[in-house]
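Commentary on secondary and tertiary structure
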Amino acid sequence: MSYTLRGRIESRLAALLPVLLGCCVLAIALRQWWPVELCVLMAAVGLVLDVQLWDRLLPYQSAWVILPLGLVELGLVLAIVYGAGLHAPLGPALLLFAVGWLVSFLLAQAGYPLLRLSYAEDGGELGRAGAVAAAGVLLVLVGSAATWYVRLPPVVHLAAGVHQGPIVIHRREVLQGSPGAVVKGGIVVAHDDVHIRNVTVLGGQNGIDVENVDGTVLDGVTVQDAKLDGIHVRSADIVIKNCTIDMLGNKIGQGIDISFNMDMGMSMVEGCTIVGGMQGITTHSSMTDIMDNRVSRTTGQAISVAEMSMGMAMDNEVRDALGVGLNCDDQSMCMFEHNTVIGTRPDIASGDPSRGGVAVQASFYSEASLWRNRLVANPVSTDAITSSLFRWTRDPGW
Amino acid sequence: MADVAVVGSGLAGFTAYQTLRRGLEPGEIVVFGTDADPAAAWRVRAAAIRQHAMRSESDGHCRASTFPGLAFQGMLRRRSVRPLLESVLDRYHPTVDEFLAHVERRRERSGWDESIVPRRVERVQAVDDGFEIDGNLFRHVLLAPGHPGLNVPDELRDDARAVHSYEPHEYQPTVTVVGAGLAAATEWLNALAAGAEVVSVRRREPERRPLNVPREYFSRRGLAAFHRLPARERIERLRAVAAPSYPAGREWDEPLERAGGEGRFRVESSLNGSAQVICATGFLRSWRHDPLLARLVADHDLATAGDWIVLDPDSTVPGLSDATRTLALAGAPGQWAFPAADTLAGARYAGHRFLRRIQACRTR
């Protein structure tokens, strides 16, 4: 097939239309935007390549060529998805791309020639149907954009200064702190899709309490002097980024505690700095990725993946923890990769021999996969106890 | 009374007819021709050169749409995905038998025989709102007269040793093949397989390409630029794309290399004393050689350029086609609009545009 540029674009847009509609249905069903974002990205990458590369490089395109072209487009889409942090799950994203690719192939080889007799001679141009398809795609995109805009949560700007808490958030909203904005007494998130940015929280039972809600994002929050946990998450999926939590002097609280959200998909803790507390970051019955955090001076474990959790801790830096640095506990499955654990101290006062300054520990029927961790100046580097085991592999085999 | 006529019952007329059937009933189309079997002439030529496989690919068929192609039908018939996979790789070439069976099926299913009027048309005359053909009036006429005859070089016309490749023949112990296209290449191998010593006489080295015309000329991508060419350049381009060629591949090269090594195959620039001279020189190429077209040009003072009648990009004859009537050319004489007009894809191209004109005609 020798496509004209217009033919390429019309053929692509017409093939995209059913996929885009499918993405919209999927987005409604999942109540998430990534299917639409992925479809738009697929369209954008495809159209840019059509105009900039494929039309110039391929005066004639044999049917098999769609395979390498599809792989190139898939690679670019995935690079952008993960580079831009769109949070599309890999499996469904690949499936969606494959469906789009297959629809496109079948339409080009069979559908379009049947619908338009002169399809091949016209270089893939679809005549009026092409214009209608383009309008359809545009309509769906504009509709999606409008829906996205209308559904944007209202932004509440928190002015600089101290605001008396606790603040309880009962609606979808973005709580945006101005520099110097402080909430005294804690924040409770009691609604789905709440984003909190650049707010400092002082005191409170828990600094930020998130329970039984979806879609919470905490970005750039600072928590100090919480009585219990710095950030306390129960039965809620959450993304926590770039937080700072000071738990020094708190002997029973955790910096971040994410628990009992195994059935709510992946959560994420990324780029946080946590000082003090019993545990710096802990998960229970949860699937949480713990990436690129700095945890120090904890009195229990610095990072603990516990109670039938499945999770990855990667690129974290743990310093000066008392007893245990990284911990995989209670029938959990953990992947510890590229972490640095320095100067873990033995907890002599506890009298517990398993807390002898262990950099990485697996305990009580747990399984921890280790890959390229840097363990420096720890009395015990690795320790698997109570029917637990380590595997030195990059592939945890989940 | 039908107001659509196809003049010519060969493969070009037949392929165009398949497209017309998408919009018209058999009773609405008259096909003038000398043989009800659309493959009659082609079958003889293919048999003469012992052709087993088509040069065309999966879409080298007579249907109105490229899908389902012959590979898809081959997959269903053979219960194997191999034809489809070969087609995806542009390596599927249906056998001559498969193609002829396809033609027969389409003939039965399309009502072709209902539309056939066995008559050789001598003249097409433009009249008000249509065309008169042997006393009958038609609003839309597609001319698909086929090739005007076999091309035999003047110096061989009276040579008793000479036979055209498309005429039935056997092979003498020494054979000279004149020409360098697909028929010539097929004859080299045929004669070598028959044990002959073969001399290839040709004026230029053949091009090696999968189809007889570069692929981009089968779609608007190449055609748009072609249609923009001034007449003189378009003539040169048509002569260039019509240059002899045959596909690349070991199945062609290895027997020739082997025979060359044995001293049984060589290339020369002029005729020698072979016992047999096979003219693989194709067909006569000019409207002047076709009495029907020559009369049409003379009667209506049609524009011509070299060997071609000037056509609009949709294969219609300018000046004789308007909102109420259509005269179009399909097959070999339609190259001014579609360089590969003498292929099945070319006939389909003309058929599609002819049907579009009919459907857009305000009197229908």
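Residues numbered from 1 in each chain as written. Chains lettered and ligands numbered in written order. Predicted model: local features only at pLDDT ≥ 70, side-chain atom pairs only at ≥ 80, totals over all residues.

**Quick word on the overall build of chain B**
When helices and strands are counted, chain B shows twelve helices and 17 strands. Considered along the principal axes of its C-alpha atoms, chain B spans approximately 70 × 50 × 40 Å. The buried share among the 364 residues of chain B stands at 47%. The long-range fraction of contacts in chain B, counting pairs at least 24 apart against all pairs at least 6 apart in sequence, stands at 70%. (Helix = DSSP H or I, 4+ residues; strand = E, 2+ residues; numbered from the N terminus. Buried ≥ 20, exposed ≤ 12 C-beta atoms within 10 Å, placed from the backbone. Contact = placed C-beta atoms within 7 Å.)

**Focus: the overall build of chain A**
Looking only at helices and strands, chain A has five helices and 31 strands in total. In terms of overall dimensions, chain A has a C-alpha envelope of 85 × 50 × 30 Å along the principal axes. Counting over 398 residues, chain A shows a buried share of 44%.

**Topic: the sheet that holds strand 8 (residues 162-164) of chain B**
Within a beta sheet, neighbouring strands are joined by backbone hydrogen bonds and run either parallel or antiparallel to one another. Residue and element names in this part refer to chain B. With parallel pairing, five strands are arranged side by side in an open sheet as 8-14-9-10-13. Edge positions in the open sheet fall to strand 8 and strand 13 (265-268), since each of these has one partner strand only. Strand after strand, the sheet turns through a mean of 25 degrees between neighbouring axes, direction not considered. Pairing of strand 10 (residues 197-201) with strand 13, which is carried by four bridges, proceeds in the parallel orientation. Within strand 13, the position partnered with Val198 by the bridge is Phe265. Against the sheet, helix 7 (residues 182-193) touches strand 9 (174-178), strand 10, strand 13 and strand 14 (276-279), its axis set at about 175 degrees to strand 9. (Pairing = 2+ DSSP bridges. Axes fitted to C-alpha atoms, helices over the stretch in contact; angles between N-to-C directions.)

**A short note on the domain arrangement of chain B**
All names here are of chain B. Taken domain by domain, chain B consists of domain 1 (4-149 + 284-360) and domain 2 (154-206 + 244-279). In this structure, domain 1 and domain 2 have C-alpha centres spaced 31 Å apart. Between domain 1 and domain 2, the residue contacts involve six residues of the former and eleven residues of the latter. Considered class by class, the residues forming the side of domain 1 that touches domain 2 number two nonpolar, one polar and three charged. (Domains from an automatic or database assignment. Nonpolar A, V, L, I, M, F, W, Y, C, P; charged D, E, K, R; others polar.)

**So, the environment of Met278(A)**
Of note, Met278(A) is situated in the loop between strand 17 (273-276) and strand 18 (279-284). In the structure, Met278(A) is positioned 30 residues away from Leu248(A) in sequence and 9.3 Å away in space, judged by C-alpha atoms.

**Description of the interface of chain A and chain B**
Facing 20 residues of chain A, the contacting portion of chain B comprises 19 residues. Residue classes in the side of chain A that touches chain B are distributed as eleven nonpolar, six polar and three charged.

**Some remarks on the domain arrangement of chain A**
The domains assigned to chain A are domain 1 (5-150) and domain 2 (155-392). Computed from C-alpha coordinates alone, the two centres of domain 1 of chain A and domain 2 of chain A are separated by 40 Å.

**Re the environment of Val324(A)**
Residues and elements named next belong to chain A. Summarising the element assignment, Val324 is placed in strand 24 (residues 324-329). Of the residues examined, Val324 has 31 C-beta atoms within 10 Å and is grouped as buried. Each C-alpha atom of the pair Val324 and Val341 lies 9.8 Å from the other, and the pair is 17 residues apart in sequence. Filtering out sequence-adjacent residues up to four positions away, Val324 remains in contact with Gln301, Thr344, Arg355, Val358 and Gln361.

**Observations concerning the packing of helix 7 of chain B against helix 10 (residues 250-261) of chain B**
All names here are of chain B. At a minimum axis distance of 10 Å, the contact between helix 7 and helix 10 shows a crossing angle of 50 degrees. Taken together, helix 7 and helix 10 sit at an angle that is classed as oblique. The interaxial crossing formed by helix 7 with helix 10 has left-handed handedness. In this structure, helix 7 contributes Ala185, Trp188, Leu189 and Leu192 to the contact, and helix 10 contributes Trp252, Pro255, Leu256 and Ala259. The class makeup of the residues in the contact of helix 7 with helix 10 is eight nonpolar, no polar and no charged. (Parallel < 35°, antiparallel > 145°, perpendicular 65-115°, else oblique. Left-handed = near helix turned anticlockwise from the far one by under 90°.)

**Description of the pairing of strand 2 (residues 29-33) of chain B**
All names here are of chain B. By the criterion of burial, strand 2 is predominantly enclosed, with five of the five residues buried. Covered by surrounding structure in strand 2 are Ile29, Val31 and Gly33 together with Val30 and Phe32, the residues of both alternating faces. Judged from the four bridges that link them, strand 1 (residues 4-7) and strand 2 form a sheet pairing that is parallel. Each residue of the ladder has a partner; that of Val4, found in strand 2, is Ile29. After leaving strand 1, the chain enters helix 1 (residues 11-20) and then returns to the sheet as strand 2, a path that is right-handed. Bridge count for strand 2 against strand 3 (residues 116-118) is three bridges, and the pairing is parallel. Directly across from Val31, in strand 3, lies its bridge partner Ile116. (Right-handed = clockwise from strand over helix to strand, strands pointing away.)

**A word on helix 5 (residues 128-150) of chain A**
Residue and element names in this part refer to chain A. Between its terminal C-alpha atoms helix 5 stretches 32 Å, which fits the 33 Å expected from 23 residues at 1.5 Å a residue. Within helix 5, the full set of buried residues consists of Gly130, Ala133 and Val137. In this structure, the buried side of helix 5 is in contact with helix 1 (5-30). (Expected span 1.5 Å × (residues − 1).)

**Thoughts on the sheet that holds strand 1 of chain B**
Residues and elements named next belong to chain B. Within the open sheet, the five strands sit side by side as 3-2-1-7-17. Their pairing is parallel. Each end of this open sheet is capped by a strand with a single partner; those strands are strand 3 and strand 17 (326-329). Averaged over all neighbouring strand pairs, the angle between strand axes comes to 20 degrees, with direction disregarded. Its contacts with the sheet place helix 1 against strand 1, strand 2 and strand 7 (140-143), and it is angled at close to 175 degrees to strand 2. Along the sheet, helix 12 (residues 344-360) makes contact with strand 1, strand 7 and strand 17, crossing strand 17 at roughly 175 degrees.

**Digging into the confidence of the model for chain A**
On average, residues of chain A score 94 in pLDDT, and 99% of them reach the 70 mark or higher. Within chain A, helix 5 of chain A has the poorest average pLDDT of any element, 91, and strand 20 (residues 294-296) of chain A the best, 98. (pLDDT = per-residue confidence, 0-100.)

**Quick look at the nonpolar core**
Counting residues in hydrophobic clusters, the biggest one holds 61 residues, and the most contacted among them are Ala16(B), Val141(B), Leu142(B) and Ala350(B). No other element matches helix 12 of chain B, which puts eight residues into this core. With 57 residues, the next largest nonpolar core counts Ile167(A), Ile196(A), Cys243(A) and Ile256(A) among its residues. (Core = buried A, V, L, I, M, F, W, Y, C linked by C-beta atoms within 7 Å.)

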